[in-house]
There are 4 protein chains.
Amino acid sequence: MVTPFTYSRTIRFRDTDAAGVVYFANVLAICHEAYEESLATSGIDLRSFFNNLSVAIPIIHASVNFLHPMFCGDRILVQLNTKHLDNSKFEIIYQVVAVTEQPIAKVVTRHICIDPNSRTRKELPDNVISWLRRWGD
Amino acid sequence: MVTPFTYSRTIRFRDTDAAGVVYFANVLAICHEAYEESLATSGIDLRSFFNNLSVAIPIIHASVNFLHPMFCGDRILVQLNTKHLDNSKFEIIYQVVAVTEQPIAKVVTRHICIDPNSRTRKELPDNVISWLRRWGD
Amino acid sequence: MVTPFTYSRTIRFRDTDAAGVVYFANVLAICHEAYEESLATSGIDLRSFFNNLSVAIPIIHASVNFLHPMFCGDRILVQLNTKHLDNSKFEIIYQVVAVTEQPIAKVVTRHICIDPNSRTRKELPDNVISWLRRWGD
Amino acid sequence: MVTPFTYSRTIRFRDTDAAGVVYFANVLAICHEAYEESLATSGIDLRSFFNNLSVAIPIIHASVNFLHPMFCGDRILVQLNTKHLDNSKFEIIYQVVAVTEQPIAKVVTRHICIDPNSRTRKELPDNVISWLRRWGD
């Protein structure tokens, strides 16, 4: 597998819930931050990427396996790899690990490129294909 | 004072943090829900209200006093009153109380009407003025 | 299938993101609200349920398929059914639909009962088994 | 004034709302992250700090003035200073600025030290007093 993009993150108080650990849905949000950071390092402007009148790339599927809880102040790493599925679809595979490399969670998100008005499929733009090549096999 | 608009809410697990109570900034978000609900009962379409190319009414100030903590499953009420400040500005005053009427928090938000492109002041639209009259003095 | 537990919800401004629709991870949070509400209607006290020193029931897996976007102000229904897997595990299946019955998302969460200190498996408590019987086959 | 503690942050997609900018209450959450980071750099363990059976330091007041909107991908700085009010109370003053130093928001939070069981006032612990001296006048 290609060397993953690595995103470093500290668990914040707002990420936690009354059980004392990170609220389950926030793990997906933390992985999305890694996705954003990897796009930015490929020179993609995030403001226009996520609010674009001609191209949108919504998430159509997500799954997560939780292996270990996270607490406020914990330092974690999100390791991201991409998988180009077809000319309008890709997947992102995230490994969330502690700085000790202990596995915390595994997350997959699947994305599809559409025209935001007609909501019909569209080919992935070139800058996304370059990003997919950089972090995928 | 005019009879307030009352919004009923149950505290959710996602509202809480690792201290076991509602995360402080979420109290403001809960009050904003009451604002949205009061607008909807005045016939205002929320989707276009909050994403409008010709009129935006951002919050320019907010303050909150916390009197009592809230726990997951608690039933609360948000009592909302409005105050028309000038032709482009208004305030909302929120009293957050338990169903037993115990005070929980007091919140104020101040809003200003602008053109979202030039970000210059603009007169409040008629439907907002009607809403202000309904819940304010 | 057993008649599902139905939870009614309005999409709030805080649920949305800069693409103008509900942020993907918030769909899971909305389904968790339905879970909480179904527990409460079975007489389970949420405050102690989610912060209990002797029994915890964390989510070990979640998956979601997104079929249709949601906008601020939309009224949705979450239809919840349970599946008792073994003496320490269960699944929840959620169908998120518009009030017009248009499908919006399908979500599954898997939960395991543990001792929160040793983090070893434990039998599900009686009140959870009663709740599973009420909403599952 | 004492040199502030400076926290650097990128605006994330989850911070935004359907108006295309950061959701108002999330500005407070971002400031709280700066507070957490400043505590951690003083050697305070965040996990036990925010979930402590003998000492809690809840926020009793917060206020915010919004000067400029923030968009997904924006790089911002939060400059934090403290003000020791009395033996159980302190304030934090936050200046949120763009990397160009353009002012974005001004936030104040007031905190009080209590016994979490009796909810009566208590003296601030020594490690908090050291932290207050480091970042306050």
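Residues numbered from 1 in each chain as written. Chains lettered and ligands numbered in written order. Predicted model: local features only at pLDDT ≥ 70, side-chain atom pairs only at ≥ 80, totals over all residues.

Side note on the overall build of chain A
So, point 1. When you go through chain A residue by residue, the secondary structure sums to 3 helices and 5 strands.
So, point 2. Listing the helices and strands of chain A from first to last along the sequence gives β-α-α-β-β-β-β-α.
So, point 3. The C-alpha radius of gyration computed for chain A amounts to 15 Å, which stays within 12% of the reference 14 Å derived for 137 residues, consistent with globular compactness.
So, point 4. Expressed as a percentage of the 137 residues in chain A, the buried residues total 43%.
So, point 5. Counting only contacts in chain A whose residues sit at least 6 apart along the sequence, the fraction spanning at least 24 positions is 68%. (Helix = DSSP H or I, 4+ residues; strand = E, 2+ residues; numbered from the N terminus. Rg over C-alpha atoms; globule rule 2.2 N^0.38 Å. Buried ≥ 20, exposed ≤ 12 C-beta atoms within 10 Å, placed from the backbone. Contact = placed C-beta atoms within 7 Å.)

Quick look at the interface of chain A and chain B
So, point 1. Taken together, the contact pairs 8 residues of chain A with 8 residues of chain B.
So, point 2. The residue makeup of the side of chain A that touches chain B, split by class, is 4 nonpolar, 2 polar and 2 charged. (Nonpolar A, V, L, I, M, F, W, Y, C, P; charged D, E, K, R; others polar.)

Some details on the nonpolar core
So, point 1. Grouped together as the largest cluster of nonpolar side chains are 168 residues, with contacts concentrated most on Leu28(A), Leu28(B), Leu28(C) and Leu28(D).
So, point 2. With near-sequence residues (within four places) excluded, Leu28(D) lies in contact with Phe24(B), Ala25(B), Leu28(B), Ala62(D), Val64(D) and Val107(D). (Core = buried A, V, L, I, M, F, W, Y, C linked by C-beta atoms within 7 Å.)

Observations regarding the confidence of the model for chain A
So, point 1. Looking at chain A, pLDDT values average 96 and 99% of them are 70 or higher.
So, point 2. Interface confidence for the predicted complex, expressed as ipTM, amounts to 0.96; the pTM equals 0.97. (pLDDT = per-residue confidence, 0-100.)

Side note on the relation of the copies chain A and chain B
So, point 1. Expressed as a screw transformation, the operator carrying chain A onto chain B has a rotation angle of 180° and an axial translation of 0.0 Å, and the superposed copies differ by an RMSD of 0.0 Å. In symmetry terms, the pair is related by a two-fold rotation axis. Taking the C-alpha atom as reference, chain A places Asp17(A) closest to the rotation axis, 2.0 Å from it.
So, point 2. Take the interface residues of chain A: 100% of them recur as interface residues in chain B, which is what a same-surface contact looks like. (Least-squares fit on C-alpha atoms with pLDDT ≥ 70 in both.)

Points about the packing of helix α1 (residues 24-41) of chain A against helix α1 (residues 24-41) of chain C
So, point 1. One can describe the packing of α1(A) onto α1(C) by two numbers: an axis separation of 9 Å at closest approach and a directional angle of 180°. Looking at the two axes, α1(A) sits roughly antiparallel to α1(C). Here Phe24(A), Ala25(A), Leu28(A) and Ala29(A) of α1(A) lie close against α1(C), whose contacting residues are Phe24(C), Ala25(C), Leu28(C) and Ala29(C).
So, point 2. Class assignment for the residues of the contact of α1(A) with α1(C) results in 8 nonpolar, no polar and no charged. (Axes fitted to C-alpha atoms, helices over the stretch in contact; angles between N-to-C directions. Parallel < 35°, antiparallel > 145°, perpendicular 65-115°, else oblique.)

Observations regarding the interface of chain C and chain A
So, point 1. With 18 residues of chain C at the interface, the matching set in chain A holds 18 residues.
So, point 2. Mapped onto the side of chain C that touches chain A, the elements with two or more residues apiece are α1 and β2 (59-66) of chain C.
So, point 3. Per-element tally for the side of chain C that touches chain A: the top contributor is β2(C), with 8 residues.
So, point 4. Broken down by class, the residue content of the side of chain C that touches chain A amounts to 14 nonpolar, 4 polar and no charged.
So, point 5. Relative to β2(C), strand β2 (residues 59-66) of chain A is paired through 5 bridges, and the arrangement is antiparallel. Within β2(C), the position partnered with Ser63(A) by the bridge is Ser63(C). (Pairing = 2+ DSSP bridges.)

Some details on helix α3 (residues 126-135) of chain B
Residues and elements named next belong to chain B.
So, point 1. Residues of α3 that are buried: Val128, Trp131 and Trp135. Looking down the long axis of α3, one finds its buried residues gathered within 60° of arc, a one-sided arrangement. Exposed side chains of α3 directed beyond 90 degrees from the buried face belong to Asp126 and Ser130.
So, point 2. Check the buried side of α3 and you find it contacts β1 (5-10), α1 (24-41) and β3 (75-86). (Arc of directions from axis to C-beta.)

Side note on the sheet that holds strand β5 (residues 103-112) of chain B
So, point 1. Reading across from one edge, β1(B)-β3(B)-β4(B)-β5(B)-β2(B)-β2(D)-β5(D)-β4(D)-β3(D)-β1(D) is the order of the 10 strands in this open sheet, with antiparallel pairing throughout. Only two strands of the sheet have a single neighbouring strand rather than two, namely β1 of chain B together with β1 (5-10) of chain D. Ignoring strand direction, the axes of neighbouring strands in this sheet form an average angle of 20°.
So, point 2. Pairing of β1(D) with strand β3 (residues 75-86) of chain D involves 6 bridges; the strand directions are antiparallel. What sits directly across from Thr10(D), in β3(D), is Arg75(D).
So, point 3. Of the strands in this sheet, β1, β3 and β4 (89-98) of chain B touch α3(B), which is tilted by about 120° from β3(B).

Details of the sheet that holds β2(C)
So, point 1. If you trace the 10 strands from one edge of the open sheet to the other, you get β1(A)-β3(A)-β4(A)-β5(A)-β2(A)-β2(C)-β5(C)-β4(C)-β3(C)-β1(C), paired in antiparallel fashion. On the outer flanks of this sheet lie β1 (5-10) of chain A together with β1 (5-10) of chain C, each paired with one strand and no other. Strand-to-strand twist in this sheet, taken as the mean axis angle between neighbours without regard to direction, amounts to 20°.

Re the relation of the copies chain C and chain A
So, point 1. Rotating chain C by 180° and translating it 0.0 Å along the rotation axis places it on chain A, where the RMSD comes to 0.0 Å.
So, point 2. Comparing interface residues between copies, 100% of those in chain C also sit at the interface in chain A, which points to an isologous, same-surface contact.

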